[in-house]
Amino acid sequence: MPEHVALYDTTLRDGAQQEGISLSVADKLAALPILDDLGADFIEGGWPGAIPKDTVFFERARSIRMRHARLVAFGATTRPGVAAAEDRQVRALLDSGAQIITLVAKSDVRHVKRALRTSEDEGLRMVRDTVAFLSEEGIDVMVDLEHFFDGLAYDPDYGMSVMMEAALAGAVAVILCDTNGGSLPSQVSQAMRRARAILDDAGCTGVVLGIHAHNDTGCAVANTIAAVEAGARQIQGTVNGYGERTGNANLLTCAANLQLKCGFDVIPEESLAKLESVSRRISELVNIAPFPREPYVGDSAFAHKAGLHASAIRVDPDLYQHIDPATVGNGMRMLVSEMAGKSSIELKAEELGIDLESLPNAAARIAVKVKEREAAGYTYDAADASFELLALNELGRLPRFLRVESWKVMSQEITEVKGEPFAQSEATVKIHTDRRHIRTAEGNGPVNALDRALRHVMTRDYPVCADFELADFKVRILDEERAGTDATIRVLIEMSDGHRSWWTVGIGTDVIEASWEALFEAYWWGLLRSGADSLLIE
């Protein structure tokens, strides 16, 4: 049987220290079942007693039943000169109702002297007294040895002494923390082996060693793996690597690497298949867009662009993929660009449900068209919807839902009687379906006005358009030799119907022209995927 490595999630505490993340009690409660789906052994919920909303969280979390995880309260050892039984914050940890408590302890002698302003012996007493007190109360105590690796570089023995005080006082686990994130895998591995040997020599073979890595050198995941290979059997980190500065070790990457590459048992198989879902759901909860290049779970993790790759993938997908994407709940994507050859087009068409097998020359024709249009400034690796429209049009299979007679936009500055001047845009769209339609709409800028006018006029015949919403809008100047407003413009638009989203691309000599093309294609693709019937009368 593979040896188990416990997964300790600190997204709700350490991850919440990232800039731009602020979790309410409701957010944390909503995250618990997601982190439980991850298959985490432990979920660190926060610091009850020190942070009021964390106190409330632990009160409310008692009613939530989890299948895999156990909830952990985080706190500090008692203060200098104070017995643990008399320390209010230690008492607050007990009152939280958590059956597992993780204590942070200073293991760098410089922090003991300068931050705590106490002696080395008193620092050891604080750890010993707090662990023993909580253990006697029936609590499983873990100890985070803060600044452990930096402390070793200054004093190679004090941190080990703190570790031993915790272990001998009854801690079930001691976690070596690379708090400043400055260590490298070789340093972590060497320190972990030494720590394991010291514990074993003292008869503390049952005490679990853990690793808590930060990513300041970009080595948090590598350091975590190195620690496990050197004897650690608990890994701490956060979903998507959230955390202060450059973040914590990404638990999703760590779990996948340790289980799929190193042969350890980390999370259940059904949880492994939910990694992409967990990543995305937590991203939505903290309101931070997912990083597409995240290993294993990112949207680009199994995306292939080069034509050479596509040719090999047609023979065997494993030739250019280190695992089956479905193992972690992800999927393979083909990207179409000027690098695309026949194989890329065929694979992308298959992904989109377009049959090219009965048309032997179609893939080559589409590839030529893509190369021509990309040379003009279009980009299809970022605009799958526009590529599908192009392919269907080249095959003569593209439904025509409407015909555009004309469109125009006017912007002007309006001065209110009792207010500041503001710019207002007005767009007029004339289209034909089974009859001629004209619609004028105002908007906050020309693109917003065009979007409103187009949506209103199309909704009359195609009600599904009422659900379409412009979700993102990106503009890029393409010409290197022609600057500013004289350059060719590329616009990418993301449209959503509340259930899915899609990207389209447009280019033009000005931003409004490019925006119109991308916007019009976005509506066209939405109608195509909705299964709408064409009402156009030529």
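All values derive from a computational prediction rather than experimental measurement.

### A word on the overall build of the protein
- The helix and strand tally for the protein stands at 18 helices and 16 strands.
- Along the three orthogonal principal directions, the C-alpha set of the protein runs to about 90 × 70 × 50 Å.
- Put simply, the protein has 538 residues, and 52% of those count as buried.
- A sequence separation of at least 24 residues applies to 68% of the contacts in the protein between residues at least 6 apart.
- Summed over all atoms, the accessible surface of the protein reaches about 24,100 Å², with 48% contributed by carbon and sulfur.
- Computed over 55 positive and 80 negative side-chain charges, the separation of the two mean positions in the protein equals 3 Å.

### Some thoughts on the packing of helix α1 (residues 25-37) against helix α2 (residues 52-61)
- Taken N-terminus to C-terminus, the directions of α1 and α2 make an angle of 40 degrees; their axes are 9 Å apart at the nearest point. The orientation of α1 with respect to α2, classified from their angle, is oblique. In the packing of α1 onto α2, the handedness of the crossing is right-handed. Contacts from Val25, Lys28, Leu29 and Leu32 in α1 reach Lys53, Asp54, Val56, Phe57, Arg60 and Ala61 in α2.
- For the contact of α1 with α2, the residue count by class is 6 nonpolar, no polar and 4 charged.

### Comments concerning the side chain of threonine 118
- Relative to the helices and strands, threonine 118 is located in the loop between α4 (109-114) and α5 (120-136).
- On the accessibility criterion, threonine 118 (16% relative accessible area) is buried.

### Looking at a nonpolar patch on the surface
- A surface patch of nonpolar side chains, amounting to about 210 Å² of accessible area, comprises Phe473, Val475 and Val511.
- As for its placement among the helices and strands, phenylalanine 473 is situated in strand β14 (residues 469-477).

### As for the sheet that holds strand β3 (residues 70-76)
- What the 8 strands build is a closed barrel, ordered β1-β2-β3-β4-β5-β6-β7-β8; its pairing is parallel. For this sheet, the mean angle separating the axes of adjacent strands, direction not counted, is 25 degrees.
- Pairing between strand β5 (residues 140-146) and strand β6 (residues 173-178): 4 bridges, direction parallel. Looking at β6, one finds that leucine 145 is bridged to leucine 176.
- Its contacts with the sheet put helix α9 (residues 220-229) on β6, β7 (208-213) and β8 (234-237), and the angle it makes with β7 is roughly 170 degrees.
- Most of the contacts of helix α10 (residues 251-261) go to β8, to which it runs at about 150 degrees, and overall it touches β1 (6-9) and β8.

### Digging into the layout of surface pockets
- In this model, the largest pocket occupies a volume close to 1,800 Å³.
- Pro292, Asp299, Glu494, Ser501 and Trp503 are the residues nearest the centre of the largest pocket, which is lined by 47 residues in total.
- Of all the secondary-structure elements, those providing two or more residues to the lining of the largest pocket are α12 (275-286), α14 (342-352), α16 (384-394), β14, β15 (489-496), β16 (501-508) and α18 (511-530).
- Examining the composition of the lining of the largest pocket, we find that 5 residues originate from one element, α12, more than from any other.

### Details of the UniProt feature "domain: Pyruvate carboxyltransferase" (unreviewed entry) in the protein
- Here, the residues flagged by UniProt with the feature "domain: Pyruvate carboxyltransferase" (unreviewed entry) are residues 5-273.
- Taken end to end, residues 5-273 is 42% helix and 17% strand, and its first and last C-alpha atoms sit 18 Å apart.

### Looking at the packing of helix α3 (residues 88-95) against α5
- Running from N to C, α3 and α5 point in directions that differ by 30 degrees, and their axes come no closer than 11 Å. As summarised for this structure, α3 and α5 are arranged roughly parallel, according to the angle between their axes. α3 and α5 meet at a crossing whose hand is right-handed. Across the interface between the two elements, Val90, Arg91 and Leu94 from α3 touch Thr130, Phe133 and Leu134 from α5.
- Broken down by class, the residue content of the contact of α3 with α5 amounts to 4 nonpolar, 1 polar and 1 charged.

### Observations regarding the sheet that holds β15
- On the basis of which strands lie adjacent, the open sheet formed by 3 strands has the order β14-β15-β16 and antiparallel pairing. Two strands in the sheet have a free side with no partner beyond their single neighbour: β14 and β16. Strand-to-strand twist of the sheet, defined as the mean angle between neighbouring strand axes without regard to direction, takes the value 20 degrees.
- Inspection of the sheet shows β14 paired to β15 by 8 bridges, in the antiparallel sense. Residue pairing across strands places glutamate 469 opposite serine 496, the latter belonging to β15.
- Across the sheet, α18 is in contact with β14, β15 and β16; its angle to β16 comes to roughly 145 degrees.

### Remarks on α16
- Most of α16 sits out of view: 8 of its 11 residues are buried.
- Every buried residue belonging to α16 is among Ala385, Ser386, Phe387, Glu388, Leu389, Leu390, Ala391 and Leu392, and all of these are buried.
- Glycine 396 sits one or two positions beyond α16 and adopts a positive phi of about 75 degrees.

### Considerations on the nonpolar core
- Grouped together as the largest cluster of nonpolar side chains are 93 residues, with contacts concentrated most on Met163 and Val174.
- Counting residues per element, this core draws most heavily on helix α7 (residues 158-168), which supplies 7 residues.
- For valine 174, the contacting residues outside a window of four places in its chain are Val143, Leu145, Met163, Ala166, Ala167, Leu199, Val207, Val208, Leu209 and Gly210.

### Re the packing of aromatic side chains
- Applying the stated criterion across every chain yields a total of 12 aromatic pairs.
- Ring centres of tryptophan 502 and tryptophan 525 lie 5.0 Å apart, and the angle between their planes is 40 degrees; on these two criteria the pair is classed as tilted. Highlighted residues: tryptophan 502 in strand β16 and tryptophan 525 in helix α18, separated in sequence by 23 residues.
- An aromatic cluster is present here, built from Trp407, Trp516, Phe520 and Trp524 joined pairwise through their rings.
- A cation over a ring is seen here: arginine 13 above phenylalanine 74, with NZ or CZ 3.7 Å from the ring centre.
- One cation-aromatic arrangement involves arginine 373 over tyrosine 378; the distance from NZ or CZ to the ring centre is 4.0 Å.

### A short note on the environment of tyrosine 462
- Inspection of the secondary structure assignment puts tyrosine 462 in the loop between α17 (446-459) and β14.
- Between the alpha carbons of tyrosine 462 and alanine 532 there is a distance of 7.3 Å; along the sequence they are 70 residues apart.
- In contact with tyrosine 462, not counting residues within four places along its chain, are Phe401, Thr433, Leu527, Ala532, Asp533, Ser534, Leu535 and Leu536.

The rules we used
- Here the residue numbering is sequential within each chain, running from 1 through the sequence in written order.
- The predicted origin of the model limits local features to residues at a pLDDT of at least 70 and limits the giving and counting of side-chain atom pairs to 80 or more, whereas totals for whole chains, interfaces and linings rest on all residues.
- Remark: hydrogens and water are excluded; side-chain values derive from all non-hydrogen atoms of the structure.
- Each helix is a run of DSSP H or I of at least 4 residues and each strand a run of E of at least 2, with the numbering of both proceeding from the N terminus.
- Using a 1.4 Å probe on the protein chains alone, a residue whose accessible area is under 20% of its type maximum counts as buried, one over 50% counts as exposed, and one in between counts as partly exposed.
- For this analysis, residues touch if any pair of their heavy atoms sits within 4.5 Å.
- To measure how exposed things are, a 1.4 Å probe is used in the Shrake-Rupley method; for residues, cover is taken only from the protein chains shown.
- Counted as positive: Lys and Arg. Counted as negative: Asp and Glu. His and the chain ends are not counted at all.
- Note that the charge is assigned to NZ on lysines, CZ on arginines, CG on aspartates and CD on glutamates.
- Lines fitted to C-alpha atoms define the axes, with helix axes restricted to the stretch in contact, and inter-axis angles between N-to-C directions lie between 0 and 180 degrees.
- Under this scheme an angle from 65 to 115 degrees is roughly perpendicular, one under 35 degrees roughly parallel, and one over 145 degrees roughly antiparallel; angles in between are oblique.
- Crossing handedness is read from the near helix: turned anticlockwise from the far helix by less than a right angle, it gives a left-handed crossing, and turned clockwise, a right-handed one.
- Each residue gets one label: Ala, Val, Leu, Ile, Met, Phe, Trp, Tyr, Cys and Pro are nonpolar, Asp, Glu, Lys and Arg are charged, and the others, such as Gly, are polar.
- Patch membership requires over 30% relative accessible area and the absence of a salt bridge. Like charges are linked within 9 Å, and nonpolar side chains (Val, Leu, Ile, Met, Phe, Trp, Tyr) within 5 Å.
- We define a salt bridge as a side-chain nitrogen of Lys or Arg found within 4 Å of a carboxyl oxygen belonging to Asp or Glu.
- DSSP bridges decide pairing: two strands pair if at least two such bridges lie between them.
- Here a cavity is any set of points on a 1 Å grid over the protein atoms alone where a 1.4 Å probe fits but cannot get out, and a pocket is any open set with protein on both sides within 12 Å along at least 5 of 7 lines; a residue lines the site when it has an atom within 4 Å of a point.
- Grid points are joined across faces, edges and corners, and a volume is the space filled by probe spheres set on the points.
- UniProt positions are given in the numbering used here, feature names are shortened, and annotations may be inferred rather than shown by experiment.
- The criterion is simple. A nonpolar core is a set of buried Ala, Val, Leu, Ile, Met, Phe, Trp, Tyr and Cys residues joined through side-chain atoms within 4.5 Å.
- What counts as a ring pair is set by centres within 6.5 Å for rings of Phe, Tyr and Trp (its six-membered ring), and what kind of pair is set by the plane angle: stacked under 30 degrees, edge-to-face over 60, tilted for all other angles.
- A positively charged side chain is recorded as over a ring if its NZ (Lys) or CZ (Arg) lies within 6 Å of the ring centre. The angle to the ring normal must also be within 35 degrees.

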